[in-house]
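Observations on the three-dimensional arrangement
Here is what each chain is made of, one letter per residue.
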Amino acid sequence: RRYKIAVIPGDGIGPETIGASLEILQALQETLGSFQIEYTHLDWSSDRYFAQGKYLPDDWMTVLKPHDAIFFGAVGHPKVPDHISLWELLLPIRQRFQQYANLRPTRIMRGVDSPLKNISPESLDWMLVRENTEGEYAGQGGRTHIGQPWEVGTELAIFTRQGIERIFRFAYQIAESRSKKHLTFVTKSNAQRSGMVLWDEVAWQIAAEFPHVKTEKMLVDAMTVRMVHKPESLDTIVATNLHADILSDLAAAIAGSIGIAPASSIDPTRQYPSTFESVHGSAPDIAGRGIANPIATMWAGVEMLRWLGEEVAADAWMKAIEDVCAEGVLTPDLGGKEDTRGVTDAIRAKVIKN
Ligand code: NAI
Ligand code: MG
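The following refers to the structure shown. No experiment lies behind these values; they were computed from the predicted model shown. (Residues numbered from 1 in each chain as written. Chains lettered and ligands numbered in written order. Predicted model: local features only at pLDDT ≥ 70, side-chain atom pairs only at ≥ 80, totals over all residues.)

1. Some remarks on the overall build of the protein
Rules: Elements are defined by DSSP. Helices are runs of H or I of four residues or more, strands are runs of E of two residues or more, and each kind is numbered from the N terminus. Each residue is classified by how many other C-beta atoms fall within 10 Å of its C-beta atom, where C-beta atoms are placed from the backbone; a count of 20 or more means buried, 12 or fewer means exposed, and values in between mean partly exposed.
On a plain count of helices and strands, the protein comes out with eleven helices and twelve strands. Here the C-alpha coordinates of the protein stretch approximately 55 × 50 × 40 Å along the principal axes. Residues counted as buried form 45% of the 354 residues belonging to the protein.

2. Quick word on the site of ligand 1
Quick reminder of the rule: Any residue qualifies as near a molecule or strand once its backbone-derived C-beta atom lies within 6 Å of it. Lys, Arg, Asp and Glu make up the charged group, whereas Ala, Val, Leu, Ile, Met, Phe, Trp, Tyr, Cys and Pro make up the nonpolar group; the residues left over, Gly among them, are polar.
Taken together, 23 residues sit near ligand 1, with Gly-76, Gly-259, His-280, Gly-281 and Asn-293 positioned nearest. Among the elements that take part in the shell around ligand 1, helix α4 (residues 82–96) stands out by supplying three residues, more than any other. Among the residues forming the shell around ligand 1, the class breakdown is eleven nonpolar, eight polar and four charged.

3. Concerning the nonpolar core
Going by this rule: The nonpolar core criterion groups buried Ala, Val, Leu, Ile, Met, Phe, Trp, Tyr and Cys residues into a set whenever they are joined through C-beta atoms within 7 Å. For every residue pair, C-beta atoms are placed from the backbone, and the pair is scored as a contact if these atoms sit within 7 Å.
Within the largest apolar cluster, 94 residues are counted, with the highest numbers of intra-cluster contacts made by Phe-71, Val-129, Phe-168, Val-238, Met-298, Trp-317 and Ile-321. With eight residues, the single largest contributor to this core is helix α9 (residues 295–308). Among residues more than four places away in sequence, those in contact with Met-298 are Ala-20, Ser-21, Ile-24, Trp-317, Ile-321 and Ile-347.

4. Things to note about the environment of Trp-44
Mapping Trp-44 onto the fold places it in the loop between β2 (36–41) and α2 (46–52). Separated by 13 residues in the primary sequence, Trp-44 and Pro-57 have C-alpha atoms spaced 8.2 Å apart. Every residue in contact with Trp-44, bar those within four places of it in the chain, is listed here: Ile-8, Tyr-55, Leu-56 and Leu-89.

Written as structure tokens, this is what we have:
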């Protein structure tokens, strides 16, 4: 089978972790011989913004639409305000391509230490489902009386019945497919009395469509405590755009490092291509030093292969990642001494050998 994949390495460590991942994809193609990928390499980044004043070309939707998937590094540059880089590149793709579900699996890999004591790889296996197109990141709001002492800034969270229904239906399908059949939805409907109350009401309505899944409601603040103290009591987790953004960094830290956490921004209808990316950003503090952990982007690559239906290749790549971690071939963020090159070579060797 042949696939068309758009590659956007972006900024900072993005090109480093994407480059490492493309090497493994190449090795998988050559070793398995069952699929071929045709890449479109896109230089949409802060460097392009400095040179041309824009991250995205005007026809970006037309350029991306014919692809089976988008493989994305990271965006963010110390010389560009973060709300500009994010809103000029990543968020338009998520919103215009209706990538309304962002999936963030969290597991503790063998060989990787969690900062939590008494936690084993078996006791933590979460699937965090993030609403990815509306809520607190709807982009609605504004500023008036700029610079005056009475200046006002509003940031409006938008929750639509349709938007909530579709993310919950998608999350329940995931929960149903997992062995624990347990879904926890995160809310803040005690303090926020409109959008979050609608969120809860729709959640319980969709819950009724899935009687085999046990449903639980958690307030987001209490949820942070639960994730630390009773991680084994959670399975599928659904949260708003903002809440899941924060909880997924916490989840990544519990699993050892943000350097291993993947994210898939999915359009479940498959009308538009989905984006496969890391949870982490461009990490300017370590960019260019060759020490970025490539596993977050690689795991996203694994999820991309699964989305395309290449299960054998996906399993081979994931097993190679897990084996290399178990052998202690780790980058400094996981307490190891290897660099990006060393980890990538070790994973490639496993992919070729297995
Ligand atoms: P960050 O995720 O880039 O980095 C946070 C910390 O984790 C840093 O100390 C970094 O060195 C470390 N880290 C991140 N990824 C790593 C990896 N693969 N290996 C080893 N260490 C790693 O978040 P930060 O510093 O808040 O943001 C930096 C820039 O990235 C900002 O411009 C921000 O807006 C942007 N950003 C972009 C995202 C995206 O493109 N999806 C997501 C989050 C932030
Ligand atoms: Mg984030």
